[in-house]
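Chain by chain, the residues run as shown.
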Amino acid sequence: MTTSLPLPPASVRRSAYAALFVSLVHIIFGAIVRISGSGMGCGDNWPKCYGYWFPPLERMDLIIEVFHRYLAIALFISIAVLVASAWQHRAHPTVGGRGGVWNASRVALGLWFAPALFGAVTVFTGNPAWATVVHKLLAASLLAVLTVATIRAGGLGGTSIVSAKGTAKAVGGATGAAVLALLVVLLGGLTAKIPGAAVACAGFPLCGEGSLGGGAQHVQLTHRLLAYLLVAHLISLPMIFRKRGEPAAVLRAAWIGLALGVLQVVWAGWMVTGGFPGVVRSLHQATGILIWVTAFAMVYLARIAAGRTVVASQAKGAGTAPVSARAVPSVS
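Residue numbering note: each chain is counted from 1, following its sequence as written. Residue-level local features of this predicted model are given only where pLDDT is at least 70; pairs of side-chain atoms are given and counted only at 80 or more, and the full residue set underlies all totals for whole chains, interfaces and linings. Water and hydrogen atoms were dropped before computing side-chain values, which therefore reflect all heavy atoms in the structure.

Caption draft 1: Geometry of the overall build of the protein chain. In terms of helices and strands, the protein chain carries nine helices and zero strands. In this text, helices come from DSSP runs of H or I with a minimum length of four residues, and strands from runs of E with a minimum of two, each type numbered from the N-terminal end. Counted from the first residue to the last, the protein chain has its helices and strands arranged as α-α-α-α-α-α-α-α-α. The burial tally for the protein chain puts 51% of its 332 residues in the buried class. Residue contacts follow a heavy-atom distance rule, with two residues in contact if any of their heavy atoms lie within 4.5 Å. Taking as baseline every contact in the protein chain between residues at least 6 positions apart, the subset at least 24 positions apart corresponds to 72%. Note on areas: these come from Shrake-Rupley sampling with a 1.4 Å probe, and a residue is covered only by the protein chains present in the view. Counting only carbon and sulfur atoms, one obtains 68% of the accessible surface of the protein chain, whose full area is about 14900 Å². Exposed residues in this analysis have more than 50% of their type's maximum accessible area, buried residues have under 20%, and partly exposed residues fall in between, with area computed by a 1.4 Å probe over protein chains only.

Here it is, written out as structure tokens:
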């Protein structure tokens, strides 16, 4: 007997969207911190800035760094609101239990502490390149978990994907895009951090005459080659998914990924030929983060459609009656 799938509570979905948005803004602002060289804007003080919670805003590097820290607090509040909303609705079949929003929200709250505390390590160790990459990896992981929470709450195509049918090949294609996107993002952070790496290649699309050479150039060139491979892969996915008849939510994510990939190439060309202006470098980094989120969402949607991942709303009996709050398992 076919039963109708329940819709996730609107309040949980709004909370998930809000937390995901603040997390995006926070990690993008973190890229601005790196590009502007403001990582030590508050000196070696953490969590306060030169002994103040609200320091005098007298230097641009201090302003950028301290507002990045304020955004971290805003992110904590938004995730806490998501956790509270999921707790309130944990008896709902799309929220409580394995594959529900409640478990994903708790993981997100735990992951908030990892990059926040590692920010202290970054400051106390003098903001080295390796610490920046680890910090970015933790932030990207938090983005991924919040993306999962949002899809489980019915956002980003989550409402329609639970009743859709997809293929395992779509999971493989989407996973390849997500892996490449994460590598490009991490190498982008490393490129922005290593002295001279960001401007090591004078030409476009490859390094031309006047390039710096050495290790910095190798880092930049590796970043570019992986980025080109990613864009080529993103261009192929919508065509392949459409031909196979993949679910609309997966296909939509693929088209968005393609558009962002093309935009990223435009930013890259403008950045190199225009003398590496800070604004364009920031847009380049922001677009890379959006590609990562889009690719990860595509993977998760494809896995649900292919039956590789089961969300709470697909559980037996989810369309008929809510589960008891006492019966909610603690398995993540």
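Caption draft 2: Inspection of the layout of surface pockets at higher detail. Estimates place the volume of the second largest pocket at around 270 Å³. The wall of the second largest pocket is formed by 16 residues, among which Leu156, Ile256, Val293, Thr294 and Ala297 lie closest to the centre. Counting residues per element, the ones that place at least two in the lining of the second largest pocket are helix H1 (10-35), helix H8 (248-273) and helix H9 (278-305). Tallied by class, residues from the lining of the second largest pocket come to 13 nonpolar, two polar and one charged. Grid points spaced at 1 Å over the protein atoms alone were grouped into cavities, where a 1.4 Å probe fits but cannot get out, and pockets, open sets with protein on both sides within 12 Å along at least five of seven lines, with lining residues defined by an atom within 4 Å of a point. Grid points are joined across faces, edges and corners, and a volume is the space filled by probe spheres set on the points. For this classification, Asp, Glu, Lys and Arg are treated as charged, while Ala, Val, Leu, Ile, Met, Phe, Trp, Tyr, Cys and Pro are nonpolar and the rest, including Gly, are polar.

Caption draft 3: Quick peek at a nonpolar patch on the surface. Patch membership needs two things, relative accessible area over 30% and no salt bridge, and members are linked within 9 Å if like-charged or within 5 Å if nonpolar (Val, Leu, Ile, Met, Phe, Trp, Tyr). By salt bridge we mean one thing: a side-chain nitrogen of Lys or Arg within 4 Å of a carboxyl oxygen of Asp or Glu. Together, Ile73, Phe76, Ile77, Val81, Phe113 and Leu117 make up a nonpolar patch on the protein surface, roughly 530 Å² of accessible area in all. The element contributing the most residues to the nonpolar patch is helix H2 (residues 60-88), with four residues.

Caption draft 4: Structural view of the packing of aromatic side chains. The pairing test for Phe, Tyr and Trp rings, Trp by its six-membered ring, is centres within 6.5 Å, and the orientation test on the planes gives stacked under 30 degrees, edge-to-face over 60, and tilted for anything in between. Inspection of the entire model under this criterion finds eight aromatic pairs. Ring plane angle 55° and centroid distance 5.5 Å describe the contact between Trp87 and Trp102, whose orientation is recorded as tilted. A residue pair is termed long-range when its members are at least 10 positions apart, and Trp87 in helix H2 and Trp102 in helix H3 (residues 101-124) qualify at 15 residues. Here Trp102 falls in the buried class, since its relative accessible area comes to 11%. Through successive ring pairs, a cluster of aromatic residues spans Phe76, Trp112 and Phe113. Lysine and arginine charges are scored as sitting over a ring when NZ or CZ, respectively, is within 6 Å of the ring centre and within 35 degrees of the ring normal. The ring of Trp87 carries the charged tip of Arg90 above its face, separated from the ring centre by 3.5 Å.

Caption draft 5: Examining the environment of Val265 more closely. Looking at where Val265 falls in the secondary structure, it is placed in helix H8. Taking relative accessible area as the criterion, Val265 reaches 30% and is therefore assigned partly exposed. Ignoring sequence-local partners within four residues, the contact set of Val265 consists of Phe204 and Val231.

Caption draft 6: Here's a closer look at the packing of helix H6 (residues 168-193) against helix H7 (residues 214-244). A fitted line through C-alpha atoms represents every axis, and for helices the fit uses only the stretch in contact; the resulting angles, taken between N-to-C directions, go from 0 to 180 degrees. Contact geometry of H6 with H7 gives a least axis separation of 9 Å together with a crossing angle of 155°. When the axis of H6 is compared with that of H7, the two are roughly antiparallel. As H6 packs across H7, the resulting crossing turns out to be left-handed. Here the residues of the contact of H6 with H7 sort into 17 nonpolar, eight polar and two charged. When an angle is under 35 degrees it counts as roughly parallel; over 145 it counts as roughly antiparallel; between 65 and 115 it counts as roughly perpendicular; any other value is oblique. A clockwise turn of the near helix away from the far one marks a right-handed crossing, whereas an anticlockwise turn of less than a right angle marks a left-handed crossing.

Caption draft 7: Just the side chain of His68, in detail. Its place among the elements puts His68 in helix H2. Residue class for His68 comes out buried when judged on its relative accessible area of 12%.

Caption draft 8: Region of interest: the confidence of the model for the protein chain. In predicted models, pLDDT denotes the confidence assigned by the predictor to each residue on a 0 to 100 scale. Here the protein chain averages 84 in pLDDT, and 86% of its residues register 70 or above. When mean pLDDT is compared element by element in the protein chain, H8 scores highest at 94, while H3 scores lowest at 84. For the stretch residues 316-332, pLDDT sits under 50, and the model shows 27 contacts to residues farther than four places along the chain or on other chains.

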